[in-house]
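# Observations on chain architecture
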Amino acid sequence: MDKNHKEYLTVDEALALVLSRVQVLPAEKVNLLDSLGRVLADDIVAIDDLPPFANSSMDGYAVLATDLIGATPTTPVQLRVVADIAAGRPSRVILLPGTAARIMTGAPLPVGADAVVPVEDTDEPWRDADRPLPEKIGIRRAVGKGDYIRYPGEDIRQGDHVLAAGHVIRPQEVGVLASLGFATVLVIRRPRVGILSTGDELLDVAEPLSPGMIRNSNGYAQTAQVSTLGGEPLFLGIARDDEADVRRKLQIALDAGVDLFISSAGVSVGAYDVVKAVLEQEGDVTFWRVRMRPGKPLAFGAYRGIPYLGLPGNPVSAMVSFERFARAAILKMAGHTRLERPSLAVTVLDDISSDGRESYIRAVVRRDGNGYVATITGSQGSHIMTSLVKANALLIVPEGVIKVAAGEELKALMIDWPESVF
Ligand code: AMP
Ligand code: MG
């Protein structure tokens, strides 16, 4: 390794510094349906039992279990039917020995009943609204006390701490919160992220190509990356390699109240690397070389007090650096504690070479027998965007390693879980 590398940061050092300078955002109250994917800011304590009352888990007959001792298909027990209890209506029925109440799934159990017999185990041939309540019902099996009854509090008891602050809300949490009556919940605010693309060579996506120009892909890819993480992207478009233009665009984001800036390009050693200049004038800025491939140059600091992450310009470098640094920063701000992608140990099927920096190799991981294997997705140039389109993982070649032979094992950061992995 060349001696200059001593001045460089490792990926882990750079990531630790980024994370030490972004903070979890404050909480806000949102409607339950807007809470999906967000992080709870408060413990959730049940205000009711769930289920809230004893009810039937089947369409059938509410009975006293002792009435049915010895009931079989050939020796059914006849009970007098005294009530018809539908879901959604309170029941004032009291069941006495020798009687039964027709009951629907979810309907409240009458006082005195201690079991339900499913309709399939009775001689009631069918049910519909037109069919009158039978006077008697033959029951063809015995039941145990409590059979087909859902008791109050079986799922959640009033006063239970159901979810802790920090819990990520998925559809099942939305369901639990709804059943407990939480129309609104306190969650961590979504990080607002300003996304700026710098470069004189950039055109917007709708513009026709002209000599020497390329379309701005980073701004779009990064906006999508922020959205995928549950952040609120603010697309700032293109700034020319001109300090005043960069400042003007950053001001738009400041006025909109962003929590983080992400820009691409303009952070290496080119003569027109204006992001670097603008940030230097604003004071709090650190320029790093990270011992990482792709994506060596990385600027981190603050612009007027707001954290600023300046990513490299090459599209693959920008995406991989976002993956490694911006992703964790945004997730931390949103209150998440699991900041890293899941990883797998995989056997590589191709030879891989590196220059000794920690390298991120675009690859396809798939299941093979009891383990996982990985093949690389063609050319690994930092401008080959299709290598990311094909990939479901980034293989990490550790620092100091310059050759990995087919058959060796590497850690794969999984950016997707395609079906073939399972
Ligand atoms: P730079 O960091 O300015 O030296 O840019 C490195 C490479 O990334 C150059 O080839 C740029 O043209 C390219 N590049 C910079 N910004 C973008 C962008 N927003 N979209 C696509 N390519 C870009
Ligand atoms: Mg440039």
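Up top you'll find the structure we're talking about.
Residues numbered from 1 in each chain as written. Chains lettered and ligands numbered in written order. Predicted model: local features only at pLDDT ≥ 70, side-chain atom pairs only at ≥ 80, totals over all residues. Heavy atoms only, no water.

### Some details on the overall build of the protein chain
Counting secondary structure elements, the protein chain contains 7 helices and 27 strands. Here the C-alpha radius of gyration of the protein chain, 31 Å, is well above what a compact globule of 422 residues would show, namely 22 Å. The dimensions of the protein chain, computed from C-alpha atoms along their principal axes, are 95 × 55 × 45 Å. Within the protein chain, the proportion of its 422 residues that are buried is 47%. Contacts spanning at least 24 positions in sequence make up 71% of the contacts within the protein chain whose residues lie at least 6 apart. (Helix = DSSP H or I, 4+ residues; strand = E, 2+ residues; numbered from the N terminus. Rg over C-alpha atoms; globule rule 2.2 N^0.38 Å. Buried < 20%, exposed > 50% of the residue type's maximum accessible area, 1.4 Å probe, protein only. Contact = heavy atoms within 4.5 Å.)

### Quick notes on the environment of isoleucine 137
If you trace the backbone, isoleucine 137 turns up in strand E8 (residues 136-139). For isoleucine 137 and isoleucine 252, which are 115 residues apart along the polypeptide, the C-alpha to C-alpha distance reads 75 Å. When near neighbours in sequence (up to four residues on either side) are disregarded, isoleucine 137 contacts Tyr61, Val77, Gln78, Leu79, Val81, Ala100, Thr122, Asp123 and Glu124.

### Some words on the packing of aromatic side chains
Applying the stated criterion across every chain yields a total of 3 aromatic pairs. A ring pair is formed by phenylalanine 261 and tyrosine 303, whose centres lie 5.8 Å apart and whose planes are at 85°; its orientation type is edge-to-face. Taken as a pair, phenylalanine 261 in strand E16 (residues 260-264) and tyrosine 303 in strand E19 (residues 297-303) lie far apart in primary sequence, 42 residues in all. Owing to a relative accessible area of 0%, tyrosine 303 belongs among the buried residues under this scheme. An aromatic cluster is built from Phe261, Tyr303 and Tyr308, whose rings are joined through pairwise contacts. (Phe/Tyr/Trp six-rings, centres within 6.5 Å; stacked < 30°, edge-to-face > 60°.)

### Side note on the site of ligand 1
Close to ligand 1 lie 16 residues, the nearest being Glu201, Asn216, Ser217, Gly313 and Asn314. Residue glutamate 201 places a side-chain N or O atom 2.5 Å away from an oxygen atom belonging to ligand 1. Residues of the shell around ligand 1, tallied by class, amount to 4 nonpolar, 10 polar and 2 charged. (Near = heavy atom within 4 Å. Polar contact = N/O pair within 3.5 Å; in protein donor to acceptor, adjacent residues only side chain to side chain. Nonpolar A, V, L, I, M, F, W, Y, C, P; charged D, E, K, R; others polar.)

### Here's the deal with the side chain of serine 263
Mapped onto the fold, serine 263 is located in strand E16. The exposure class of serine 263 is buried, given its relative accessible area of 0%. At 2.7 Å, the side chain of serine 263 forms a polar contact with the side chain of tyrosine 308. Setting aside anything within four residues of it in sequence, one finds serine 263 in contact with Leu196, Val275, Tyr308, Leu309, Gly310 and Leu311.

Honestly, it's all geometry; don't read function into it.
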